[in-house]
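Per-entry structural report
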Amino acid sequence: MSSVSEGRFLSTSVPSITPGPRRVTLLTDDGVRIEAVYSPCTAVAGAGPDGPDGGTAVVLAHGFTGSVDRPALRRAVEVFAQRAAVITFSFRGHGKSGGRSTVGDREVLDLAAAVAWARSMGHRRIVTVGFSMGGSVVLRHAALYTRPDAADSPVPESDGEAGRVAVRHTGARKRRAGAHTDAVVAVSAPARWYYRGTAPMRRLHWVVTRPAGRLVGRYGFGTRIHTRDWDPVPLSPVEAVPLVRVPLLIVHGDRDPYFPLDHPRMLAAASDGRAELWLERGMGHAENAADEGLLSRIGDWAASV
């Protein structure tokens, strides 16, 4: 085992992009082992930093109870890999990853480890794409892990309350260099925490907050959930959006049973016109509802911005 500076992973060090699929275990900054899979671009054999994908890697962040091996995520990998290399990983408490789920809080560290691994393999440009819980994580990650030339910059006064809240989290910007993203796609993401306005979200809160619910999560959905409440409450997605300084796409279905359309509209409004908003007719929730056509359009956006 070896450790790569500023992008640790428990595997043999690789100085450049590998030609074939690869499965590794990453180590987060708080010591949690995360399973991750690298899938090369399939556009041409051996596509890499100088190939048609331009060195781009898409890092996919699944929803709550997902994992790298779930069919919906593998379908997304197949579509995105036609345009760029793809990295998938299981959030803590999911799949074969260690730790317990904090339902969007410390998962930012898992995403940072995956992004840093992508850069350690030679990818010059990273696009993060998150679904549902993963959508909230990619937004918070983009706010907290900035480009190297902005890593030590103060939070702008114009960011108001969001900026003041983010000050508590700026230490994350310095823990892992190379963990920043170059563009963000949030699909079916919540805008705010503790939302209970729909029946599916009330059931999810029962799973997360009740001992019996956590047993259902563990044995019914294969998801190990942390027993402690958030302390402090993490930066919310809508608070994070004003701090995102890279291209941002927000995608949401008009038949999402978890989060109604006020969530994506609130996120878009918080961007002050900088985010692109797609409201998809007939779409349900997250990766399970994203068909090949939508994934292809997201992939095209990710490759072009």
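Residues numbered from 1 in each chain as written. Predicted model: local features only at pLDDT ≥ 70, side-chain atom pairs only at ≥ 80, totals over all residues. Heavy atoms only, no water.

1. Topic: the overall build of the chain
Summing up its helical and strand segments, the chain has 11 helices and 9 strands in all. Taking all 305 residues of the chain together, 59% fall into the buried category. Partitioning the intrachain contacts of the chain with sequence separation of at least 6 by distance along the chain shows that 75% fall at a separation of at least 24. Of the roughly 12800 Å² that the chain leaves accessible, carbon and sulfur atoms contribute 52%. (Helix = DSSP H or I, 4+ residues; strand = E, 2+ residues; numbered from the N terminus. Buried < 20%, exposed > 50% of the residue type's maximum accessible area, 1.4 Å probe, protein only. Contact = heavy atoms within 4.5 Å. Areas by Shrake-Rupley, 256 points an atom, 1.4 Å probe, with all protein chains shown as cover.)

2. Re the nonpolar core
With 55 residues, the main nonpolar core has L26, V59, I87, F89, W117 and L139 as its most contacted residues. Looking at this core, the element that brings in the most residues is helix α2 (residues 107-120), giving 10 residues. Counting 27 residues, the second-largest nonpolar core is a separate cluster that includes L60, L249, I298 and W301. (Core = buried A, V, L, I, M, F, W, Y, C linked by side-chain atoms within 4.5 Å.)

3. Looking at the pattern of salt bridges
A complete count under the given rule lists 10 salt bridges for this structure. For the salt bridge of R92 with D30, the shortest nitrogen-to-oxygen distance reads 2.8 Å. Pair noted here: R92 is in the loop between β5 (85-89) and α2 and D30 is in the loop between β2 (22-27) and β3 (33-39), with a separation of 62 residues, a long-range link. R92 sits in the buried class, given a relative accessible area of 4%. Residue classification places D30 among the partly exposed positions, given a relative accessible area of 29%. Bridged by salt links that share partners, the residues D30, R92, R106 and D110 form one connected network. (Salt bridge = Lys/Arg side-chain N within 4 Å of Asp/Glu carboxyl O.)

4. Some words on the packing of aromatic side chains
On inspection of all chains with the given rule, the structure shows 6 aromatic pairs. Centroid distance Y258 to F259: 6.5 Å. Interplanar angle 45°. Geometry classified as tilted. For Y258, a relative accessible area of 26% gives the class partly exposed. For F259, a relative accessible area of 5% puts it in the buried group. By way of ring pairs, the aromatic residues W193, Y194 and W230 are connected into one cluster. (Phe/Tyr/Trp six-rings, centres within 6.5 Å; stacked < 30°, edge-to-face > 60°.)

5. A word on the confidence of the model for the chain
Confidence in the prediction of the chain, expressed as mean pLDDT, is 86, and 80% of residues score 70 or more. Note on residues 11-17: pLDDT under 50 across the span, and 21 contacts to partners over four residues away in sequence or across chains. A low-confidence stretch, residues 151-174 stays under pLDDT 50, and its non-local contacts, those more than four residues away or across chains, total 33 contacts. (pLDDT = per-residue confidence, 0-100.)

6. Description of the pairing of strand β8 (residues 248-253)
Summarising burial for β8: 6 of the 6 residues are buried, a large majority. The side-chain alternation of β8 yields two buried faces, one formed by L248, I250 and H252 and the other by L249, V251 and G253. Here 4 bridges tie strand β7 (residues 183-187) to β8, and the two strands are oriented parallel to one another. Its bridge partner lying in β8, V187 is registered against V251. Bridge analysis of β8 against strand β9 (residues 275-280) gives 6 bridges, and the strand direction is parallel. Its bridge partner being in β9, I250 is matched across the sheet by L277. Between β8 and its parallel partner β9, the chain crosses via helix α9 (residues 262-270), and the hand of that crossover is right-handed. (Pairing = 2+ DSSP bridges. Right-handed = clockwise from strand over helix to strand, strands pointing away.)

7. Description of the pairing of strand β4 (residues 56-61)
Burial analysis of β4 places 6 of its 6 residues in the buried class, which makes it a mostly covered element. In β4, alternate side chains face the same way, and those of T56, V58 and L60 on one face and A57, V59 and A61 on the other are all buried. Across 6 bridges, β4 lies against strand β6 (residues 125-131) in parallel orientation. Paired with V58 across the strands is V127, a residue of β6.

8. Quick notes on α2
Its 14 residues place the ends of α2 20 Å apart at the C-alpha level, agreeing with the 20 Å of an ideal helix rising 1.5 Å per residue. Across the 14 residues that make up α2, a large majority, 14, are buried. Downstream of α2 by a residue or two, G122 has a phi angle that is positive, lying close to 105°. (Expected span 1.5 Å × (residues − 1).)

9. A look at the packing of α2 against helix α3 (residues 133-144)
Their axes nearest at 9 Å, the elements α2 and α3 cross at an angle of 70°. Comparing the axis directions of α2 and α3 gives the class roughly perpendicular. For the pair α2 and α3, the contacting residues are E107, V108, L111, A112 and V115 in the first and M133, V137, V138, R140, H141 and L144 in the second. Broken down by class, the residue content of the contact of α2 with α3 amounts to 8 nonpolar, 1 polar and 2 charged. (Axes fitted to C-alpha atoms, helices over the stretch in contact; angles between N-to-C directions. Parallel < 35°, antiparallel > 145°, perpendicular 65-115°, else oblique. Nonpolar A, V, L, I, M, F, W, Y, C, P; charged D, E, K, R; others polar.)

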